[in-house]
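# Structural overview for review
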Amino acid sequence: MKGGSGSKDRYATEETVRHRGYDRKRDDDSEEAVEEEEEEGEVVDDPRWDKIRGRVGRIGGSRPRKEDPRFSRWNKRENWGKKTWGEAAASAASPPKLVGEGVYGVGPVLAALSAGRREFYTLFVQEGLDLSSNNRKKKDKKGFENVLALAEKIGLSVKEASKHDLNMIVDNRPHQGLVLDASPLEMVKIFELDAVSSEENDGRALWVALDEVMDPQNLGAIIRSAYFFGATGVVLCAKNSAPLSGVVSKASAGSLELMELRYCKNMMQFLIASADNGWRVLGGSISSKSVPIHDISPGVPTILVLGSEGTGLRPLVERSCTQLVKIPGNIYADSLSVEGNGNQTGDGPEKSTSAEEFRSFLAVESLNVSVAAGVLLHHLIGKNNSSGGDDGDQFSDQ
């Protein structure tokens, strides 16, 4: 029994050692496989590898467990965008800084250089711009060449800039490849218009007074119409008016650089004092006191007053006008009557919408201030600048 028991225990001991050696060898092989996989960076979807990694981590206690290569790869990928953006921001040159303000577009830049009312610093030209007749309009090409000739004549510094930089300077507005760095326009302060003289009594004396027009596009369009029809000048409020920026110059097609501009601190006092000097003050309004524009005779020295886009003339400014005028529209009450389907079939009550309700729903009881300015200017002064009475009417109708 003792011999048998000893041989049995010895057999069990040898089998245990043999199994432990096999397990140790298997663990060493699995550890080497894990290290090779981590070095190669391959992703293995077999779930058995997770068990092997856990066993290796428990056995090797002294060595920290390495991160799953799948997660480490994604962690590195999170920094790709940041690295790319940082490199782009570092490599990209910042757009040129302006000393004054930017005047952009062929027409405004050419008008500014021709008028000479500003102080010029630098002319930026888009690099790689093709001026061949096949790629640009003939008018733009000629204007571009005139701009470069004037810049060379006055000794203005000309620098090339990328299209992206020019877009950044003008806030992605159409610059046509030209941006002029120039000082802001300076306006002359005015308290009243001088007394009407015999020369001004020929029907061509007309000033446009704008009461708190805030939109630069509307301001530029009004100045363009005033210059086109031959108005004497434009008077603005010192406060609550759109600044004379490059946007206004672009919207005016460059006429801002050529128009006589004045400003007053108190519009009411300016209108009253000018009316005392013999000027007729007409205010554009849609109130019930307004008369149609075709009832107003042109040929008298006039100040045309236009209000803001939303509220129109302020009450005190409206009272300072000698007369209120309006532009009659063609929205007739009969054509705005709308009847419902119930009235046609005879089933149910009558449904109708009045003309007043329909007009208020459309919100077109008046024109845009820049459009109204063009219509009023054409009636008050546009016809007087034509060659003759009937010829002028025929020309305006064409």
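Sequence order sets the numbering: in each chain, residues are counted from 1 along the sequence as written. At least 70 in pLDDT is required for a residue's local features to be given in this predicted model, at least 80 for side-chain atom pairs to be given and counted, and no such filter applies to totals for whole chains, interfaces and linings, which use all residues. Each side-chain value is derived from all of the structure's non-hydrogen atoms; neither hydrogens nor water enter the calculation.

### Remarks on the overall build of the protein
The line we're drawing: In DSSP terms, a helix is any run of H or I states spanning at least four residues, a strand is any run of E spanning at least two, and both are numbered starting from the N terminus. Throughout, exposure labels follow a simple rule: accessible area from a 1.4 Å probe, protein chains only, divided by the maximum for the residue type, with under 20% read as buried, over 50% as exposed, and the rest as partly exposed. Any two residues whose heavy atoms approach within 4.5 Å are treated as being in contact. Method for areas: the Shrake-Rupley scheme with a 1.4 Å probe, in which residue coverage is limited to the protein chains shown.
The helix and strand tally for the protein stands at 14 helices and 14 strands. Each of the 398 residues in the protein was classed as buried or not, and the buried ones make up 34%. Once local pairs closer than 6 in sequence are excluded, the contacts in the protein between residues at least 24 apart make up 81%. For the protein, the exposed surface amounts to about 24,900 Å²; the carbon and sulfur share of it is 50%.

### A look at helix α4 (residues 106-115)
Every buried residue of α4 is accounted for by Val106, Pro108, Val109, Ala111, Ala112 and Leu113. Two residues or fewer past α4, Gly116 is found with a positive phi of approximately 70 degrees.

### Brief notes about the pairing of strand β9 (residues 280-284)
Put simply, the test is: DSSP calls a pair of strands paired once it identifies at least 2 bridges connecting them.
Of all the five residues making up β9, four are buried; the element is thus mostly covered by neighbouring parts of the structure. Here β9 runs beside strand β11 (residues 302-306); their pairing, made up of four bridges, is parallel. Across the sheet, the residue bridging to Arg280 is Thr302, located in β11. Bridge analysis of β9 against strand β12 (residues 323-326) gives three bridges, and the strand direction is parallel. For Gly284, the partnering residue across the bridge sits in β12 and is Val325.

### Observations regarding the pairing of β11
Of all five residues in β11, five are buried, a share of seventy percent or more. Across the two faces of β11 the burial is the same, with Thr302, Leu304 and Leu306 and Ile303 and Val305 all buried. With five bridges joining them, strand β6 (residues 206-210) and β11 adopt parallel strand pairing. Across the sheet, residue Leu210 finds its bridge partner in β11, namely Leu306.

### What about the state of the cysteines?
Applicable threshold: Note on disulfides: each one is a pair of cysteine sulfur atoms within 2.5 Å.
One pass over the structure, following the stated rule, counts zero disulfides. Looking at the unpaired Cys237, the closest cysteine sulfur is the one in Cys264, lying at 5.4 Å. The exposure class assigned to Cys237 is buried, which follows from its relative accessible area of 8%.

### Quick word on the confidence of the model for the protein
Note the following rule: As a per-residue quantity, pLDDT reports the predictor's confidence and falls between 0 and 100.
Per-residue pLDDT for the protein has a mean of 75; in total, 60% of the residues score no lower than 70. pLDDT under 50 marks residues 333-352. Its contacts with residues more than four places away, or in other chains, come to 19 contacts. Here residues 387-398 is a poorly scored stretch, pLDDT under 50, and it has three contacts once near neighbours within four places are set aside; other chains count.

### Quick notes on the sheet that holds strand β7 (residues 233-237)
Two modes of strand pairing occur in sheets, parallel and antiparallel, and in both the strands are linked by backbone hydrogen bonds. We count it as follows: Angular values range over 0 to 180 degrees, each being the angle between N-to-C directions of two axes fitted as lines to C-alpha atoms, with helices fitted over their stretch in contact.
Strand order in the open sheet formed by eight strands is β5-β8-β7-β6-β11-β9-β12-β10, and the pairing between neighbours is parallel. If you trace the sheet from one side to the other, it starts and ends with β5 (188-189) and β10 (291-292), each paired once. The strands touched by helix α7 (residues 216-229) within the sheet are β6, β7 and β8 (261-264), with β6 carrying the most contacts at an inclination of about 175 degrees.

### Things to note about the sheet that holds strand β3 (residues 157-161)
The strand order across the open sheet built from four strands is β1-β4-β2-β3, with neighbouring strands paired in mixed fashion. The open sheet has two edge strands, β1 (101-104) and β3, and neither has a second partner. Taken pair by pair, the neighbouring strands of this sheet meet at an average axis angle of 30 degrees, ignoring direction. Note that β1 and strand β4 (residues 178-182) share four bridges and pair antiparallel. Bridge pairing links Gly102 to Asp181 in β4.

### Considering the nonpolar core
As a reminder of what qualifies: Take the buried residues of types Ala, Val, Leu, Ile, Met, Phe, Trp, Tyr and Cys, join any two whose side-chain atoms come within 4.5 Å, and each joined set is a nonpolar core.
Among the nonpolar cores identified, the biggest contains 31 residues, and Val208, Leu210, Leu219, Ile223, Val234 and Leu261 are the most heavily contacted of them. Among the elements of the structure, β6, α7, β7, β11 and α13 (369-382) are those that each provide at least two residues to this core. The element that contributes the greatest number of residues to this core is α13, accounting for six residues. Counting residues in each nonpolar core, the second largest holds 19 residues, with Ile190, Ala205, Ala209 and Cys264 among its members.

### Section: unusual backbone geometry
You will see that Gln176, though not glycine, has its phi angle at about 60 degrees, which is positive. Locating Gln176 in the fold gives a position in the loop between α6 (163-169) and β4. Phi at Ala253 is positive, roughly 60 degrees, even though this residue is not glycine. With respect to the helices and strands, Ala253 occurs in the loop between α8 (246-251) and β8.

### Overview of a nonpolar patch on the surface
Convention followed: Patch membership needs two things, relative accessible area over 30% and no salt bridge, and members are linked within 9 Å if like-charged or within 5 Å if nonpolar (Val, Leu, Ile, Met, Phe, Trp, Tyr). We define a salt bridge as a side-chain nitrogen of Lys or Arg found within 4 Å of a carboxyl oxygen belonging to Asp or Glu.
On the surface, Leu367, Val371 and Val375 cluster together into a nonpolar patch covering about 230 Å² of accessible area. Here Val371 lies in helix α13. Judged by its relative accessible area of 43%, Val371 falls in the partly exposed class.

### Some thoughts on the side chain of Ser274
Here Ser274 lies in helix α9 (residues 267-276). Beyond its immediate stretch of four places on either side in the chain, Ser274 contacts Glu192, Leu193, Trp279 and Ile303.

### Concerning the packing of aromatic side chains
Keep this limit in mind: Aromatic rings from Phe, Tyr and Trp, with only the six-membered ring used for Trp, were paired whenever their centres fell within 6.5 Å, and each pair was classed as stacked if the ring planes differed by under 30 degrees, edge-to-face if by over 60, and tilted otherwise.
All told, the structure shown has one aromatic pair when counted by the stated rule. A ring pair is formed by Phe228 and Phe229, whose centres lie 5.1 Å apart and whose planes are at 80 degrees; its orientation type is edge-to-face. By relative accessible area, which is 65% here, Phe228 ends up exposed.

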